[in-house]
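Descriptive structure summary
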Amino acid sequence: MVAASLSTPTAAADAAPGGWVAALLANAPGFASPGADVLAPSRSRAAQTLAQTPLPSRRVEAWRFTDLAPLTALSPTLLSPAPAAQPETVAGSLRLSLDGHSDPLAGISLPAGLEPISGAELEASLGQVLAATGSAELWPVLLNGATARHVLALRVRGAVATTLELVSDAGDGEGILPLRLLLVLEPQASVEVLQVHRSGGANLTSVVLEARLGEGAELRHGLLAPGADTGCLLATVAVEQATGSRFSGVSAHGGWSLGRLEPRLVQREGAAHSALKALQLADGRQISDTHSQMVFEGPDGRLEQLHKAVADGQGRSVFNGAVHVPRAAQRTDAAQLSRNLLLSDRARIDTKPELEIVADDVRCAHGATVSRLEQDELFYLQSRGIAADQAARLLLRGFCEEVLQELPDAARPWQPLASLLGEQGR
């Protein structure tokens, strides 16, 4: 672990099952009882489990740096967001708006290679990837499962040239916006997907994505989440990869009072390629948290992971990247790097890249750095007539762009860096 701080984190109060969660379930009739929709059985099971599960506390290892007070301060009701202004889409992308209530495919003609999954097949497919990646019992997943009433489920066949852009905007309303997604890529299929999640108020955006990649399939996935200082984000991305498949995941989030991302990947038979790049920003009293898990269940798998974080003000950045290489995963090649910028004496960064290796024929490496902006670089820019604050912004931009430039082209109209730094329109 690498940590740098002059502050002490606020302890998250332990909560009994009958507290905030019970109020949420009580304020949302029908969550705990099956209805006519396909999610009803799984929603009922999740609600029952959630009602008996305490809120995560600092005594739980995966949550010991994460204060849930911003979450439990939110209204425990469902949110019905109003339509919000959005930038123009780029050529070659299809934008679907997610509000948790209506069908995002209504009136939409899907491009060739994309088709909806419904009925018994959908009911049988839901939760399979969550179980395979060990995500089904995660508290954010249970919360989502107990509240989501709709799922966007798509099958991908062949090479889809159109980028799928999935957008939600919680706006300035109060409450919880649960979103559930399922992607099934047939063998040799390929698609690019961008998720954009925004907020401008005291609300929670809860997102769970399951993606199953067949043999030789490729998923290029981006997640851009600029939030509000009173908003919360809980996002889980669960990916199951077959032999020869490729997954590239790029994420960037910041501005949330509490933002937590959990990418969890499993290479089912090995011989697949996974790449993870992430950027998270925390300022003020914000908490930006990422807990990733990569499991190799067969030989010849590969992982490239770069995680970057910026902490300013009294912000707190948390990263825990776990890589599991059992004996069956011989000849695994995994590289993990955590790079962090600490811009304030009162900010804190906790970073923990970790490898658990049982196989004896592997190439695995990890590392972590925490630093400030380089004084030599600042001096060089200032010697060329650039003001000190502008020089610092240029260096910060360069640090962030290494990740942001890997987002799908469909992210450009959303102005990723400006939106994450709260500078849109300036």
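Residues numbered from 1 in each chain as written. Predicted model: local features only at pLDDT ≥ 70, side-chain atom pairs only at ≥ 80, totals over all residues. Heavy atoms only, no water.

**Looking at the nonpolar core**
Stated formally: In plain words, nonpolar cores are sets of buried Ala, Val, Leu, Ile, Met, Phe, Trp, Tyr and Cys residues tied together by side-chain atoms within 4.5 Å. Exposure categories follow from relative accessible area, calculated using a 1.4 Å probe and restricted to protein chains: below 20% of the type maximum is buried, above 50% is exposed, and the middle band is partly exposed. Starting at the N terminus, helices and strands are each numbered in turn, a helix being any DSSP run of H or I of at least four residues and a strand any DSSP run of E of at least two. Here, two residues are considered to be in contact whenever any of their heavy atoms come within 4.5 Å of each other.
Ranked by size, the top nonpolar core spans 46 residues in total, and within it L185 and L219 carry the most contacts. Looking at this core element by element, the count peaks at 5 residues for strand β6 (residues 175-185). Each residue touching L185, except ones within four places of it in the same chain, is listed here: V156, V191, R212, L213, G214, A217, E218 and L219. Counting residues in each nonpolar core, the second largest holds 24 residues, with L373, F399, C400 and A410 among its members.

**Quick notes on the pairing of β6**
Strand residues, when the strand is regular, have side chains that alternate between the two faces of the sheet. Quick reminder of the rule: Pairing between strands is defined by DSSP: at least two bridges between them are needed.
Burial analysis of β6 places 11 of its 11 residues in the buried class, the great majority of the element. Bridge count for strand β4 (residues 152-156) against β6 is 5 bridges, and the pairing is parallel. What sits directly across from A153, in β6, is L182. Direction of pairing for β6 relative to strand β8 (residues 203-213): parallel, over a ladder of 11 bridges. From the neighbouring strand, L183 faces β8, where its bridge partner is A211.

**With respect to the confidence of the model for the protein chain**
Should the pLDDT be low somewhere, the predicted coordinates at that spot are not to be read in detail. Keep this limit in mind: By definition, pLDDT measures how confident the predictor is in each residue, and it falls between 0 and 100.
Counting all residues, the mean pLDDT for the protein chain is 89, and 92% of those residues have values of 70 or more. With pLDDT under 50 throughout, residues 1-17 is counted as low confidence; its partners more than four residues away or in other chains account for 43 contacts. Ignoring residues within four places in sequence, the model shows residues 31-35, a span with pLDDT below 50, making 13 contacts including any to other chains.

**What about the pairing of strand β14 (residues 287-296)?**
Counting buried positions along β14 yields 10 of 10 residues, so the element is predominantly enclosed. For strand β12 (residues 258-267) and β14, the ladder comprises 8 bridges, and the chain directions are parallel. Following the sheet pairing, R264 is matched in β14 by Q293.

**Quick look at the packing of helix α2 (residues 40-51) against helix α6 (residues 139-147)**
To be explicit about the condition: Lines fitted to the C-alpha atoms define the axes, with helices restricted to the stretch that makes contact. Angles between their N-to-C directions range from 0 to 180 degrees. Should an angle fall under 35 degrees it is called roughly parallel, over 145 degrees roughly antiparallel, and 65 to 115 degrees roughly perpendicular, with every other angle called oblique. Here a crossing is taken to be left-handed if its near helix is turned anticlockwise relative to the far helix by less than a right angle, and right-handed if that turn runs clockwise. In this classification, Asp, Glu, Lys and Arg are treated as charged, Ala, Val, Leu, Ile, Met, Phe, Trp, Tyr, Cys and Pro as nonpolar, and every other residue, Gly included, as polar.
One way to put it is that α2 packs onto α6 with a least axis distance of 7 Å and a crossing angle of 130 degrees. Between α2 and α6, the interaxial angle falls into the category oblique. The interaxial crossing formed by α2 with α6 has left-handed handedness. For the pair formed by α2 and α6, the contact residues are S42, R43, A46, A47, T49 and L50 on the first element and W139, L142, L143, G145, A146 and T147 on the second. Across the contact of α2 with α6, the residue classes tally to 7 nonpolar, 4 polar and 1 charged.

**Here we look at the pattern of salt bridges**
To keep things clear, this is the line we draw: Between Lys or Arg on one side and Asp or Glu on the other, a salt bridge is scored when a side-chain nitrogen of the former is within 4 Å of a carboxyl oxygen of the latter.
As enumerated under the stated definition, the model contains 24 salt bridges in all. The closest approach of N and O atoms between D169 and R198, which form a salt bridge, is 3.0 Å. A residue pair is termed long-range when its members are at least 10 positions apart, and D169 in strand β5 (residues 159-169) and R198 in strand β7 (residues 190-198) qualify at 29 residues. Assigned by exposure class, D169 and R198 land together as buried. For E402, the salt bridge identified is with K308, shortest N-O distance 2.5 Å. On the criterion of sequence distance, the pair formed by E402 in helix α8 (residues 388-404) and K308 in strand β15 (residues 302-311) is long-range, its members being 94 residues apart. Salt bridges sharing common partners tie together E115, E121, R155, R157 and E186.

**As for the packing of aromatic side chains**
Rules: Here is the rule: rings of Phe, Tyr and Trp (six-membered ring for Trp) pair when centre to centre is within 6.5 Å. Planes less than 30 degrees apart are stacked, more than 60 are edge-to-face, and the remainder are tilted. By the criterion adopted, a ring carries a charge over it if an Arg CZ or a Lys NZ lies within 6 Å of its centre and within 35 degrees of its normal.
Under the criterion given, the structure shown has 0 aromatic pairs. Across the ring face of W63, the terminal group of R260 is positioned such that the distance to the ring centre comes to 3.6 Å. K308 extends its terminal NZ or CZ atom over the ring of F399, reaching a point 4.2 Å from the ring centre.

**Quick word on the sheet that holds strand β13 (residues 273-282)**
Pairing is parallel in the open sheet, where 9 strands are placed in the order β2-β5-β7-β9-β11-β13-β15-β17-β19. Every interior strand has two partners, whereas the edge strands, β2 (93-97) and β19 (363-371), have only one. Averaged over all adjacent pairs, the angle separating strand axes in this sheet is 10 degrees, with direction ignored. Pairing of β15 with strand β17 (residues 333-342) involves 10 bridges; the strand directions are parallel. What sits directly across from K308, in β17, is R339.

**Brief notes about the environment of S274**
Note the cut-off: Pairs of N or O atoms within 3.5 Å make up the polar contacts considered here, provided that, within protein, one atom can donate a hydrogen while the other can accept it, and that residues adjacent in sequence are counted only when both atoms are side-chain atoms.
Along the chain, S274 falls in strand β13. For S274, a relative accessible area of 0% gives the class buried. Placed 20 residues apart in sequence, S274 and M294 show a C-alpha to C-alpha distance of 8.8 Å. Contacts of S274, omitting those with residues within four sequence positions, involve Q241, F247, L265, Q267, M294, R302, L303 and E304. In terms of polar contacts, S274 uses its side chain to reach the side chain of Q241, at 2.5 Å.

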